[in-house]
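For reference, the chains in residue letters:
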Amino acid sequence: MSASPLVESPVNPVEPFLRTERMPHIWCPGCGIGTTVNCFARALVESKLNLDKVAIVSGIGCTGRVAGYLKLDSFHTTHGRAIPFATGLKLANPNLTVVVYSGDGDLIAIGGNHFIHAARRNVDLKVICVNNFIYGMTGGQVAPTTPVGAVATTSPYGCFERPFNLPYLAESSGAVYVARWTVFHVRHIARSMVEAFHKKGFCFIEIITPCPTLYLRRNRLGDSLEAMRYYKQKSVIKNSASTKDVDLGFQSEIVVGKFVDIERPTLLESMDQQLRQTLKDRYAGLGGGA
Amino acid sequence: MKANPRAVLAGAHFLDGDQACSEGALAAGANFAAGYPITPSTEVVERFAARIPTVGGIFIQMEDELASSIAILGAAWGGAKSFTVTSGPGFSLMMEHIGLAAMTETPCVIVDVQRGGPSTGLPTLPGQADMMQARWGSHGDYEIIALCPNSPQECFDLMIDAFNLSEKYRVPVMFMMDECVGHMTEKVVIPPADRIEIFPRRYTSLPPSEYRPFQPGPDGIPELVKAGDGYRFHITGLTHDERGYPAMNWRAQEKLVRRLVEKIRRHSDEIVLYDERDVEDAEVIVVAYGITSRVALRALQMARGEGIRAGLHRPIVVWPFPEKRLRALAEKVKAFVVVEMNYGQMMYEVERYAAGKVPTLLVPHGGGTVHDPADILKAIREAAR
């Protein structure tokens, strides 16, 4: 009789990707960020990328801590500015696969301007946005993703601002790959991440995630298990759905899927082509791959 | 290490300060710039955008100064030598990333072509009122290096020093021009590449298993790596330990911040740079920098004509300030006269090192044009009394 595989291999398959010396992590029990990191590690395995050539950049916030836990070249930057940091990194060193991993407040509120411009330029970045509908790190304030009617510490009587529809924002700004999943959809998340790794250009993956401590509790939505039930019951997979139609309301239906997958030259490709064409033999290249 | 001949436009040229600054960056080996248009600095990036594709490298116009000032940090960790260029309002927006650069010890250069402020102020006219902001503008304790050219030739020469200092000490270096110096056109002699010394990046020779990103060498400065080389390192703006990992306690804070401050203070004698005129017999020392130092020369001439023995001390590296030299001068002169295009900034440094031994007079100016030499002369007369 053979031993259980658990005994034979006591190491969690995700462990080689983590800075285990930094554990325990700071995330609350029931938080979905860890689940997304698990998916990310699995996607790294599946994609067979050379991990020495993968860099991860985060901003500030709960999801902003992801970079610090992954055993990659990792950068924990300033609030909202992960994308322009990543832009500089990618342009200076085009051989890298550059991942931006951050939260909704970081990427879309304070970093919103950079988000739309990086998508417009089609910078070759893999942007993973963990959307938990509020600011977690600072204690549960209203965000540009908070559904109308949801309670947050700075919208104690319910949010009255219309939230951004992130896939629509990404697509209309110029993203070439747009997908949305919830943390219930772990295999779909990993698959989308692999697709994004292998796609050139600005790729955007939104992952709806529970924040049990600050969002679920204040809105009397139960615990994370309850949230998973909601994701399971109210998510509808509609690949290629028009991003115009994927708005999120309070506890509404969640349209998930891969919405956009198109081809467009990246910033580096366009830059190189334009300069080569105009300068001809005076062109000395972009100096990358340092 | 010598400069790249392809980047160096050796010969005599007729250039304005902004253009000369751009050529200095190229000669220094800059191969990445990010910027956002702002008067009176824009010509620096315009020239860089035109020149860099023929040398090898990238210019990108970002969506704002927040983006520009962090794109250069990303580029630096990708292996590039990078800089950004701005003026007052943009400089204000860059402050957070000056702090990040100081905290993560990222070599980079930030050019501020100063205009009249505060706020939008006088976009097309000179000012020198960002001098304290260059030193103290980002929150928290840190040290930076700042240089202040007073001619297009110095815009070229000192830009190379700025990059070299940023590499040597792993600090953001502020290049504090002013609108007059930026827009005045003069002869600029660019030496051949083999006469330009470049301080190479302090890459580690340790293997990944032994490398610790923030373990300082004997001079207090750690060696660095770049992304993609297999080191799997972590960089954060949080207080961190030698591994680069966040360490949320006062001991780690004390160790790190003290080192960030000490690595510059300990080496200030090597970093300090100044120029002096007629100080040997001087009874009054005028302290001025940037364009103002050139106006002060006229006042010096007038004073000497009246028999007042006036001399000029011009800090070229303004941060760290030439403390020792000022203390020594304070022993032998009657008074200092500080001339600057603001209502008193570097004056406080001079006063500090005069330490009550001799008076420090200020000839302030709100900016928008240069001083009238007669106003400086008036102060010199008063100081000599």
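Everything numeric in this text was worked out from a predicted model, so none of it was measured.

Cut-offs and rules
Residues numbered from 1 in each chain as written. Chains lettered and ligands numbered in written order. Predicted model: local features only at pLDDT ≥ 70, side-chain atom pairs only at ≥ 80, totals over all residues. Helix = DSSP H or I, 4+ residues; strand = E, 2+ residues; numbered from the N terminus. Rg over C-alpha atoms; globule rule 2.2 N^0.38 Å. Contact = placed C-beta atoms within 7 Å. Nonpolar A, V, L, I, M, F, W, Y, C, P; charged D, E, K, R; others polar. Pairing = 2+ DSSP bridges. Axes fitted to C-alpha atoms, helices over the stretch in contact; angles between N-to-C directions. Buried ≥ 20, exposed ≤ 12 C-beta atoms within 10 Å, placed from the backbone. Domains from an automatic or database assignment.

## Concerning the overall build of chain A
For chain A, the count of helices and strands is 11 helices and 10 strands. For 290 residues, the compact-globule estimate of 2.2 N^0.38 gives 19 Å, and the C-alpha radius of gyration of chain A, at 19 Å, lies within 12% of that figure. Along the first, second and third principal axes, the C-alpha atoms of chain A reach 65 × 60 × 35 Å.

## Some words on the interface of chain B and chain A
Taken together, the contact pairs 43 residues of chain B with 37 residues of chain A. Those elements giving two or more residues to the side of chain B that touches chain A turn out to be strand S2 (32-35), helix H2 (42-55), strand S3 (58-61), helix H3 (65-77), helix H4 (88-104) and strand S10 (234-236) of chain B. Looking at which element gives the most residues to the side of chain B that touches chain A, the answer is H3(B), with 9 residues. Taken together, the residues of the side of chain B that touches chain A break down into 24 nonpolar, 13 polar and 6 charged.

## Describing the sheet that holds strand S12 (residues 284-287) of chain B
Think of a sheet as strands paired side by side through backbone hydrogen bonds, with each pair either parallel or antiparallel. Residue and element names in this part refer to chain B. The mixed open sheet is built from 5 strands, whose spatial order is S11-S13-S12-S15-S16. Each having just a single partner strand, strand S11 (274-277) and strand S16 (360-363) make up the two edges of the open sheet. Here the average twist between neighbouring strands, direction ignored, is 20°.

## Examining unusual backbone geometry
Residue A:Pro24 is bonded to the preceding A:Met23 through a cis peptide linkage, with omega at 5°. Relative to the elements of secondary structure, A:Pro24 occurs in the loop between helix H1 (5-8) and helix H2 (33-47). Cis rather than trans, the peptide bond between B:Gly117 and B:Pro118 has omega equal to 0°. Structurally, B:Pro118 is set in the loop between strand S5 (108-116) and strand S6 (122-126). Phi is positive for A:Lys48, which is not a glycine, with a value near 60°. Its location among the elements puts A:Lys48 in the loop between H2 and strand S1 (54-58). Look at A:Lys48 and you get exposed, because 10 C-beta atoms sit within 10 Å. Within the chain, A:Ser240 stands out as a residue other than glycine whose phi angle is a positive 65°. Inspection of the secondary structure assignment puts A:Ser240 in the loop between strand S9 (235-237) and strand S10 (254-261). For A:Ser240, a count of 10 C-beta atoms within 10 Å gives the class exposed.

## Section: the domain arrangement of chain B
Residue and element names in this part refer to chain B. Domain annotation of chain B identifies domain 1 (11-195) and domain 2 (275-384). The straight-line distance from the C-alpha centre of domain 1 to that of domain 2 is 26 Å. Opposite the 22 residues of domain 1 that make contact, domain 2 presents 20 residues. Every element with two or more residues in the side of domain 1 that touches domain 2 is listed here: S6, helix H5 (131-136), strand S7 (145-147), strand S8 (172-178) and helix H7 (179-183).

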